[in-house]
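Given next are the chains, with one letter for each unit.
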Amino acid sequence: EPEVTQTPSHQVTQMGQEVILRCVPISNHLYFYWYRQILGQKVEFLVSFYNNEISEKSEIFDDQFSVERPDGSNFTLKIRSTKLEDSAMYFCASSSSYGYTFGSGTRLTVV
Amino acid sequence: SQQGEEDPQALSIQEGENATMNCSYKTSINNLQWYRQNSGRGLVHLILIRSNEREKHSGRLRVTLDTSKKSSSLLITASRAADTASYFCATEGGPLKTGGTSYGKLTFGQGTILTVHP
């Protein structure tokens, strides 16, 4: 069964550093998403991406965040200057008319 | 309450029993989805029910949707210890595109923690 692949599975970074989280969506999906889940809290929408541009973003997705599809397969989330409160599990997802598929997540810890 | 609120917050049952989890939401939706998450792991899509559907089955899962009450329920029959996980409902709204899927954002609830004792 096709999967959404996320790397790395864990990332520890110092406050103020830039991080890039990587995702390989399912190949024939056209819509891509990033969500995050702070420990013990609900999963929150960050951004959706279609046709090489952002189609929707949440209030959380401020200027510190950016997304990119640098080639035909990867989909990345960049956090320019990480804060302690950015510590969370970040999920990538892609969707088709049959529904969503989520990756297994990247656990980001900002110290 | 917020969009996608599950009830109960925690449920503890014995293996073989049925588990029922409820979800309520506030705004109109295109579809409602249920996900499972094992502790600290990824989200596994269980089932999607469109706004024009009332009931759907998948194996031991049964989902109902009542759009007039803005609520859904997930029933897991003959539960197993391996069903122990958090279960989330997620609603999808936004402009309808094709087949009841808008490709819009999902709004998740807080989840129900299910513990099935062997």
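Visitor: Would you explain the overall build of chain A in this entry?
Guide: Summing up its helical and strand segments, chain A has zero helices and eleven strands in all. Start at the N end of chain A and walk to the C end: the helices and strands fall as β-β-β-β-β-β-β-β-β-β-β. The C-alpha radius of gyration computed for chain A amounts to 13 Å, which stays within 12% of the reference 13 Å derived for 111 residues, consistent with globular compactness. Counting only residues that meet the buried cut, chain A has 46% of its 111 residues in that class. Pairs at least 24 residues apart make up 52% of the contacts formed inside chain A by residues separated by at least 6 positions. Taken as a whole, chain A presents about 5700 Å² of accessible surface, with 46% of it coming from carbon and sulfur.

Visitor: How should I be thinking about the interface of chain A and chain B in this particular structure?
Guide: Size of an interface, as often reported, equals the accessible area lost when the parts are brought together. Counting from both sides, the interface comprises 21 residues of chain A and, opposite them, 25 residues of chain B. The junction of chain A with chain B conceals about 1800 Å² of combined surface from both sides, 54% of it contributed by carbon and sulfur atoms. Its largest share of buried area at the contact with chain B, chain A owes to Lys42(A), Tyr100(A) and Phe102(A), together 35% of the area lost on that side. Our count for the chain A to chain B interface comes out at zero salt bridges.

Visitor: Even after reading the chapter, I still don't get the sheet that holds strand S8 (residues 75–79) of chain A, so can you show me in this structure?
Guide: Strand pairing in a sheet takes place through backbone hydrogen bonds and is either antiparallel or parallel in direction. Residues and elements named next belong to chain A. Strand order in the open sheet made by the four strands is S1-S3-S8-S7, with antiparallel pairing throughout. Of all strands in the sheet, those bounded by a partner on one side alone are strand S1 (5–7) and strand S7 (65–68). Taking each pair of neighbouring strands and ignoring which way they run, the sheet shows an average axis angle of 20 degrees. Sheet analysis places S7 next to S8, joined by four bridges and oriented antiparallel. If you follow Glu68 over to S8, its bridge partner there is Thr76.

About the cut-offs
- Residues numbered from 1 in each chain as written.
- Chains lettered and ligands numbered in written order.
- Predicted model: local features only at pLDDT ≥ 70, side-chain atom pairs only at ≥ 80, totals over all residues.
- Heavy atoms only, no water.
- Helix = DSSP H or I, 4+ residues; strand = E, 2+ residues; numbered from the N terminus.
- Rg over C-alpha atoms; globule rule 2.2 N^0.38 Å.
- Buried < 20%, exposed > 50% of the residue type's maximum accessible area, 1.4 Å probe, protein only.
- Contact = heavy atoms within 4.5 Å.
- Areas by Shrake-Rupley, 256 points an atom, 1.4 Å probe, with all protein chains shown as cover.
- Buried area = accessible area lost by both parts, 1.4 Å probe.
- Salt bridge = Lys/Arg side-chain N within 4 Å of Asp/Glu carboxyl O.
- Pairing = 2+ DSSP bridges.
- Axes fitted to C-alpha atoms, helices over the stretch in contact; angles between N-to-C directions.

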